[in-house]
Amino acid sequence: MVTGLTVSERHMALFVLGALALAGLAMAVGGRGDPLAVHGYIVLAFSLGLGFVVLSALFAPEPPESRLSEYYDDPTRVGIILSLAWAVAGMFVGVWVAALLAWPELTFVDSAWASFGRLRPVHTSGVIFGFGGNALIATSFHVLQRTSRARLPDQFSPWFVLIGYNLFCLIAASGYLIGVTQSKEYAEPEWYADIWLVIVWVAYFVLYIRTLQRRKEPHIYVANWYYMAFILVVAVLHIVNNLAVPVTFGHAKSYSLFSGVQDAMTQWWYGHNAVAFFLTSGFLGMMYYYLPKRAGRPIFSYRLSIISFWGITFMYMWAGAHHLHYTALPQWVQTLGMTFSLVLLVPSWASAGNALATLNGAWHKVRDDATLRFMMVAAVFYGLSTFEGSFMAIRAVNSLSHYTDWTVGHVHAGALGWVAMITFGSLYALVPWMWKTERMYSPRLIELHFWLALAGTVVYVFAMWNSGIIQGLMWRTYNDSGTLAYSFIDSLVAMHPYYIARAFGGLLFLTGAVVCCVNVAMTIRMARHARKAEAGGDVPLYGQAGAAQAGE
Amino acid sequence: MGIDHESVVAVSKSWGLFYLIAMAAGVLVYTLWPGNRKRFTRAKTSILDKNDRPGE
Ligand code: HEM
Ligand code: HEM
């Protein structure tokens, strides 16, 4: 892979890694006695390790010019693998925290890192940023090049984005375990990690724009708009919500620039748009490319896809206040959030409907092809979870659902049913293209994964709906004397069976993800063998540059 | 600072509304403009093209 970089790109990589190593060293020295130092050592080890990888191929010959007449897919391949690795890790921790809720005595080691409060953000960041983010980056590079008919402008920046992003994920996850957090949900990492992510993200956006500028297609395909909204809005959200002042530069802790209800509003403006632009917009981009591609049919209505794009982009921005119903937030802001959430259903269903209408006439393909079925089910769950979300945003409904497992059920209807399903479907379509094989190693394993994923999602979501509604009702049931009929612990006991069911559903889902990894690994192996057989032995390795890259 | 709660409310209740309506109108005109039909049709069908190399 490093040999695919030009010599000057290798120098550039070494330079950047050297600068990063110095930054790590500074953190380690300046943050002595503080968790910051631990992160300093991680950054140092990370950049030195990668530095050696680059050094080992520093003097390899320049890659052939012929590479310029192909798309640059190495970062996509690595991104797919990273995404799957994070999927398994993040969902494993998900099952772990689910088990902790069902059987709290499972906190088997008596140390802080193994507690629920530290593991939970490892789960959420692991799946959203690790699994989802890597899948978005990997697929965006693929879709961007194909729909623009242009190769990425250089080979260094996609690696900077991908690897830099994973460094952020690593710092985030390891930080939670040692107790570093800003206590803002989905924005837990501290100031230094936030600054790093800004740099990576700006590079991502610039790379996107530079590639679009080179496009050979007159019109920018709608999937790119969704990906660009994801990149741009996440940058804005991230910067504003993380405005904070560190205690000192040698200290991991920082204090937010906002306080009180402004802080809450900023956080949930961020939080809801993280849902909208991280967990929705980018994945819609995926859907608008891979679903028509896999079905072999153009999107049902291109115009509708543009209208829904602007619809969700305008409206999501205003919906965040529905996370703060019945709080100190002014009533009219809550009403604004609620109203926009309701209107949001229109563009959301327009997208879900557009996807399903595209499949209309290809139902036989959906029946026979589990990959396409993943995408179809994703569109259905997208429709379901947005309907549910709009419903929960109504203040009166929210008074029942808030603080209960209903929210968690809604989250995972979206996360498992929509985000994970569309990702797995897209990856199953993409992997054979990327490793240049006819198909995945085993269609039957895809079939198995599909049913595991669907069963896991349904079990999870139904368990949480039940448990959430029961909780909500128990907490608002009064007896004759006007006091609460149930104590909190009563409701906890009532949750127990549902928590066990949820852990089981999650286990099914995790098993599916492991099956996916096996299938992808075998596909890569299959591709390698095929290529070896094809090459027939007596050709110098250099003659098959493309093949050597693909195999790495 | 001159930005108090009341003025923020006033701005969002008036200009906020107009700006959303204007944006919505802009988008609708763009998408439904008859002249754009050809590019949209090309965009949606050209992704199905099997050729997997950058354009010249
Ligand atoms: C193996 C499958 C999974 C299991 C067992 C699982 C389990 C859990 C558990 C137990 C919680 C904590 C709930 C609580 O505090 O009451 C949680 C929260 C969360 N999970 Fe998962 N999860 C899984 C997959 C995923 C995936 C794939 C995503 C995203 C793509 C995701 C996103 C989230 C989010 C955003 C939260 C926070 C919810 C909130 O604060 O309301 N999960 N999950
Ligand atoms: C029209 C679309 C949607 C609307 C109006 C909506 C609305 C809501 C509402 C009202 C809540 C509960 C807030 C509370 O009581 O605290 C919520 C929570 C949540 N939703 Fe949605 N939702 C939508 C779509 C989605 C989708 C597609 C996903 C994900 C993949 C998603 C992920 C989440 C998450 C992660 C939370 C939990 C936030 C937390 O940590 O408290 N939502 N949503």
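Sequence positions are assigned chain by chain, starting from 1 and proceeding in written order. Labels are handed out in written order, letters beginning with A for the chains and numbers beginning with 1 for the ligands. Per-residue local features of the predicted model are confined to residues with pLDDT of at least 70, and side-chain atom pairs are confined, for both listing and counting, to 80 or more; whole-chain, interface and lining totals are unaffected and use all residues. Heavy atoms throughout the structure, all of them, feed into the side-chain values; hydrogens and water do not.

- Looking at an unreviewed UniProt entry, one finds chain B named Cytochrome c oxidase cbb3-type subunit 4 and attributed to Shinella fusca.

**Concerning the overall build of chain A**
Here's step 1: Only DSSP runs of H or I reaching four residues or more are called helices, and only runs of E reaching two or more are called strands; each is numbered from the N terminus. Per the secondary structure count, chain A includes 18 helices and 2 strands.
Here's step 2: For 552 residues, the compact-globule formula gives about 24 Å, and the C-alpha radius of gyration of chain A, at 24 Å, lands near that figure.
Here's step 3: Here's how the labels work: a residue is buried when its accessible area is under 20% of the maximum for its type, exposed when over 50%, partly exposed in between, all with a 1.4 Å probe on protein chains only. Taking all 552 residues of chain A together, 57% fall into the buried category.
Here's step 4: Only the protein chains shown count as cover for residues, and the accessible areas themselves come from Shrake-Rupley with a 1.4 Å probe. If you sum the accessible surface of chain A, you get close to 22000 Å²; carbon and sulfur atoms cover 71% of it.
Here's step 5: When charges are tallied, Lys and Arg are placed among the positive residues and Asp and Glu among the negative ones, while His and the ends of the chain are skipped. By convention, charge coordinates are those of NZ in Lys, CZ in Arg, CG in Asp, or CD in Glu. Side-chain charges of chain A comprise 32 positive and 27 negative groups, with the mean position of each set lying 8 Å from the other. The quantity called the radius of gyration is restricted to C-alpha atoms. Its globule counterpart is 2.2 Å times the number of residues to the power 0.38.

**A word on helix H13 (residues 370-392) of chain A**
Since the α-helix packs 3.6 residues into each turn, any two residues three or four apart lie on the same face.
Here's step 1: With 23 residues, H13(A) extends 32 Å between its outermost C-alpha atoms, agreeing within 8% with the 33 Å of an ideal straight helix rising 1.5 Å per residue.
Here's step 2: Sitting at the amino-terminal end of H13(A) is Asp369(A), which places a side-chain oxygen 3.0 Å from the backbone nitrogen of Thr371(A). For a helix, the expected span equals 1.5 Å multiplied by the number of residues minus one. Polar contact is the term for a pair of N or O atoms within 3.5 Å; when the atoms are in protein, one must be able to donate a hydrogen and the other to accept it, and sequence-neighboring residues count only if both atoms are side-chain atoms.

**Here we look at the interface of chain B and chain A**
Here's step 1: Contacts were defined at the residue level, with two residues in contact if any of their heavy atoms lie within 4.5 Å. Taken residue by residue, the interface counts 31 residues in chain B and 34 residues in chain A.
Here's step 2: Between chain B and chain A, a total of about 2900 Å² is buried, with carbon and sulfur atoms accounting for 65% of that surface.
Here's step 3: As a working definition, buried area equals the accessible area (1.4 Å probe) given up by two parts on being put together, with both sides summed. Of all residues in chain B, Lys44(B), Ile47(B) and Pro54(B) bury the most surface against chain A, accounting for 22% of the area lost on that side.
Here's step 4: Should a side-chain nitrogen of Lys or Arg be within 4 Å of a carboxyl oxygen of Asp or Glu, the pair is scored as a salt bridge. The interface formed by chain B and chain A contains 4 salt bridges.
Here's step 5: Among the salt bridges present, the one from Arg42(B) reaches Glu217(A), with a minimum N-O distance of 2.8 Å.
Here's step 6: Counting across the interface, chain B meets chain A through 13 residue pairs in polar contact (both at pLDDT 80 or more).
Here's step 7: Where the side of chain B that touches chain A is concerned, the elements lending two or more residues are helix H1 (5-32) and helix H2 (37-46) of chain B.

**With respect to the coordination of the iron atom of ligand 2**
Here's step 1: Counted as donors are the N, O and S atoms within 2.8 Å of the metal, or 3.2 Å for Na, K and Ca, while water is not among the atoms, so some sites may look incomplete. Within the protein, a single donor atom binds the iron atom of ligand 2, namely His410(A) (NE2) at 2.1 Å.
Here's step 2: Mapped onto the elements, His410(A) comes out in helix H15 (residues 405-434).

**Some details on the confidence of the model for chain B**
Here's step 1: Values of pLDDT, ranging from 0 to 100, describe the predictor's confidence in every residue of the model. On average, residues of chain B carry a pLDDT of 87, and 95% of them reach 70 or more.
Here's step 2: Model confidence for the complex: the whole-complex pTM is 0.94, and ipTM, which rates the interface, is 0.90.

**Quick word on the coordination of the iron atom of ligand 1**
Residues and elements named next belong to chain A.
Here's step 1: Within the first shell, the iron atom of ligand 1 binds the protein through His123 (NE2) and His412 (NE2), at distances of 2.0 Å.
Here's step 2: In this structure, the iron atom of ligand 1 is surrounded by 6 donor atoms whose angles at the metal cover 87 to 180°, and the resulting shape is octahedral. Separated by 289 residues along the polypeptide, His123 in helix H4 (residues 116-148) and His412 in helix H15 bring together distant segments of the chain. The same class applies to His123 and to His412, which are both buried. Here a site with four donors is tetrahedral if all angles are between 85 and 135 degrees, and a site with four or six donors is square planar or octahedral if opposite donors are over 155 degrees apart and the other angles are between 65 and 115; anything else gets the irregular label.

**Some details on the pattern of salt bridges**
Residues and elements named next belong to chain A.
Here's step 1: Inspection of the entire model under this criterion finds 14 salt bridges over all chains.
Here's step 2: Between Asp369 and Arg294 there is a salt bridge, and its shortest N-O distance comes to 2.8 Å. One end of the pair, Asp369, is in the loop between helix H12 (363-368) and H13; the other, Arg294, is in helix H8 (residues 260-295), with 75 residues separating them in the sequence.
Here's step 3: Judged by relative accessible area, which is 18%, Asp369 ranks as buried.
Here's step 4: Residue Arg294 is classed as partly exposed on the basis of its relative accessible area of 28%.
Here's step 5: Two residues, Arg373 and Glu447, come together in a salt bridge whose shortest N-O distance is 2.8 Å. Separated by 74 residues along the polypeptide, Arg373 in helix H13 and Glu447 in helix H16 (residues 443-475) bring together distant segments of the chain.
Here's step 6: Looking at Arg373, the relative accessible area reads 9%, which means it is buried.

**A short note on unusual backbone geometry**
Residue and element names in this part refer to chain A.
Here's step 1: Unlike most non-glycine residues, Tyr186 shows phi in positive territory, near 65°.
Here's step 2: The buried category is assigned to Tyr186, whose relative accessible area is 18%.
Here's step 3: One non-glycine residue with positive phi stands out, namely Tyr326, at about 60°.
Here's step 4: Checked against the element boundaries, Tyr326 lands in the loop between helix H9 (302-316) and helix H10 (331-343).
Here's step 5: Classification of Tyr326 as exposed rests on a relative accessible area of 53%.

**Structural notes on the packing of helix H6 (residues 191-213) of chain A against helix H7 (residues 222-241) of chain A**
Residue and element names in this part refer to chain A.
Here's step 1: Here H6 crosses H7 at 155°, and the two axes come no closer than 10 Å. When the axes of H6 and H7 are compared, the pair comes out roughly antiparallel. Every pair of crossing elements has a handedness; the one defined by H6 and H7 is left-handed. On H7, the residues touching Asp194, Leu197, Val198, Trp201, Tyr204, Phe205, Tyr208, Ile209 and Leu212 of H6 are Asn224, Tyr227, Met228, Phe230, Ile231, Leu232, Val234, Ala235, His238 and Ile239. To get an axis, a line is fitted to the C-alpha atoms, and for a helix only the part in contact is used. The angle between two axes follows their N-to-C directions and goes from 0 to 180 degrees. Throughout, the term roughly parallel applies to angles under 35 degrees, roughly antiparallel to angles over 145, roughly perpendicular to angles from 65 to 115, and oblique to all others. By the definition used in this description, the sense in which the near helix is turned from the far one sets the handedness, with an anticlockwise turn below a right angle giving left-handed and a clockwise turn giving right-handed.

**A word on the site of ligand 1**
All names here are of chain A.
Here's step 1: Near ligand 1 there are 23 residues, and of these Arg120, His123, Glu185, His412 and Ala415 occur at the shortest range.
Here's step 2: In this structure, His123 approaches ligand 1 through a side-chain N or O atom, which is 2.8 Å from a nitrogen atom.
Here's step 3: Those elements that provide at least two residues to the shell around ligand 1 are helix H3 (74-102), H4, H15 and helix H17 (488-535).
Here's step 4: We call Asp, Glu, Lys and Arg charged. Ala, Val, Leu, Ile, Met, Phe, Trp, Tyr, Cys and Pro are nonpolar, and the rest, Gly among them, are polar. The class makeup of the residues in the shell around ligand 1 is 14 nonpolar, 6 polar and 3 charged. Think of it this way: one heavy atom of a residue within 4 Å of a molecule or strand is enough to make that residue near it.

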